[in-house]
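Close look at the chain arrangement
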Amino acid sequence: MLHRILGTTGPQVSALGLGCMGMSALYGDADRAESVATIHAALDAGVTLLDTGDFYGMGHNEMLIGEALRTAPAAHREKALTSVKFGALRDPDGNWSGYDGRPAAVKNFAAYSLQRLGVDHIDVYRIARVDPDVPIEETVGAIAELVEAGHVRHIGLSEVGADTIRRAAAVAPVTDVQIEYSLISRGIEDRILPACRELGIGVTAYGVLSRGLISGHFTRDRQLAANDFRGHSPRFQGENLQRNLDLVDALRKVADERGATVAQTAIAWVLSRGEDIVPLVGARRRDRLAEALGALDVTLGAADLAAIEEAVPAGAAAGDRYPAEQMAHLDSEH
Ligand SMILES: NC(=O)c1ccc[n+]([C@@H]2O[C@H](COP(=O)([O-])OP(=O)(O)OC[C@H]3O[C@@H](n4cnc5c(N)ncnc54)[C@H](OP(=O)(O)O)[C@@H]3O)[C@@H](O)[C@H]2O)c1
């Protein structure tokens, strides 16, 4: 397994992390036994970074990871690092009802996460979206107190813009910004990535397959379950979907010529963007994980990168990456 270091103050992690969200939420039903087997297979392969959120299935995802860690060989368990998001509020029907970044709430969220994960510390802890009613300094200050007390090792951020990154980093060392980054979501390149680089902050990139859209496995006629985020995501609707899958067809030609799959090519492209970027892949089955790990063997030279960017030019995606009401919560988009 290749490794990368998260920022100048962060831990060494596997060059690919496993994002566990889809095992509990947002992409329709998942198979629990296969999910645990996928986490075990990732740990076996040397993946050390497991990403989750306390609100993914309202605790379900953390308990799933807790089970996988408990039943993994001790040597793998000891190497595993947890990256946890908090702050998104739900109601008993699963509806989303805002964000809470108040210091007392941060510590309350952490106490429950430690219990559900069955660990004595969280490796990287971050609020999922900035709470508009609480200055980021207060939220990050609370995490810094958790670091001081030994409950958390590192401070992360999620979907924040450059100004917020600077404000947070002035309070305490920030390890990484978790944010969407892929061939079709390149918004971080203008201001956010340069700010991270200036401040020595790493990036954990999510949605590197744009939630499956650019994985090569998403078909034009795919039926989505009612509880699937993609059923409401602009990029998966009607004409947008057709145009985005045209881009995938172009990418497939480039991938085929290089003996790689579309997903591997998309992941390898993100890996090629800098040693400070760690893609999180959302595999929830062992076959998908194996494919994703194959990206680590795909080396892209200048001609390959040019061919990929010709197939999928920057800004070519049709549709926003979130529905309008969720775009409004993204500090990174302001
Ligand atoms: N900070 C944030 O705001 C934020 C937001 C979203 C996600 N995240 C984190 O980032 C992680 C990754 O995000 P994501 O799940 O949206 O990313 P993704 O990797 O772009 O998408 C995962 C989807 O791609 C499909 N896929 C097809 N081939 C695949 C392959 N070879 N490997 C992996 N997936 C493949 C999966 O398909 P199937 O349908 O076949 O399972 C799954 O539905 C999440 O699990 C979560 O931990 C963070």
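To keep things clear, this report deals only with the structure shown in the data block. Remember, predicted model here, so these are calculated numbers, not experimental data. (Residues numbered from 1 in each chain as written. Predicted model: local features only at pLDDT ≥ 70, side-chain atom pairs only at ≥ 80, totals over all residues. Heavy atoms only, no water.)

Notes on the site of the ligand
Around the ligand, 33 residues are found, and the nearest of them are Tyr 27, Asp 51, Arg 129, Arg 284 and Glu 291. The separation between a nitrogen atom of the ligand and a polar side-chain atom of Ser 158 is 3.0 Å. In the model, an oxygen atom of the ligand is placed 3.3 Å from a nitrogen or oxygen of the Gly 212 main chain. Alone, the ligand offers 890 Å² of accessible surface; in the complex the protein occludes 97% of this. Looking at the shell around the ligand element by element, the count peaks at three residues for helix H10 (residues 286–293). (Near = heavy atom within 4 Å. Polar contact = N/O pair within 3.5 Å; in protein donor to acceptor, adjacent residues only side chain to side chain. Areas by Shrake-Rupley, 256 points an atom, 1.4 Å probe, with all protein chains shown as cover. Helix = DSSP H or I, 4+ residues; strand = E, 2+ residues; numbered from the N terminus.)

Description of the nonpolar core
If you look at the biggest cluster of nonpolar residues, it comprises 88 residues, and the most contacted ones within it are Leu 18, Ile 39, Tyr 125, Leu 157 and Ile 267. For this core, the element with the most residues is helix H9 (residues 262–271), which contributes eight residues. Those residues in contact with Ile 267 that lie beyond four places of it in its chain are Leu 16, Val 208, Leu 209, Pro 279, Val 281, Ala 292 and Ala 295. If you look at the next biggest cluster of nonpolar residues, it comprises eleven residues, including Tyr 206, Phe 229, Val 278 and Leu 280. (Core = buried A, V, L, I, M, F, W, Y, C linked by side-chain atoms within 4.5 Å. Buried < 20%, exposed > 50% of the residue type's maximum accessible area, 1.4 Å probe, protein only. Contact = heavy atoms within 4.5 Å.)

Some thoughts on the pairing of strand E9 (residues 152–158)
Of all seven residues in E9, six are buried; the element is thus mostly enclosed. The sheet contact formed by strand E8 (residues 122–127) and E9 spans three bridges and is parallel. Across the sheet, residue Ile 122 finds its bridge partner in E9, namely Val 152. Of the crossover connections in this fold, the one passing from E8 over helix H5 (residues 136–148) to the parallel E9 is right-handed. (Pairing = 2+ DSSP bridges. Right-handed = clockwise from strand over helix to strand, strands pointing away.)

Some points on H5
Compared with an ideal rise of 1.5 Å per residue, which puts 13 residues at 18 Å, H5 spans 18 Å between its outermost C-alpha atoms and is within 8% of the ideal. Burial in H5 covers these residues: Ile 136, Thr 139, Val 140, Gly 141, Ala 142, Ile 143 and Leu 146. Along its buried surface, H5 packs onto strand E5 (81–86), helix H4 (103–117), E8, E9 and helix H6 (162–171). Downstream of H5 by one or two residues, Gly 150 has phi in the positive range, about 90°. (Expected span 1.5 Å × (residues − 1).)

Some details on the environment of Ile 143
For Ile 143, the position within the fold is in helix H5. Assessed through its relative accessible area of 1%, Ile 143 is described here as buried. The contacts of Ile 143, once residues within four sequence positions are left out, are Phe 86, Val 106, Tyr 125, Arg 126, Val 152 and Ile 155.

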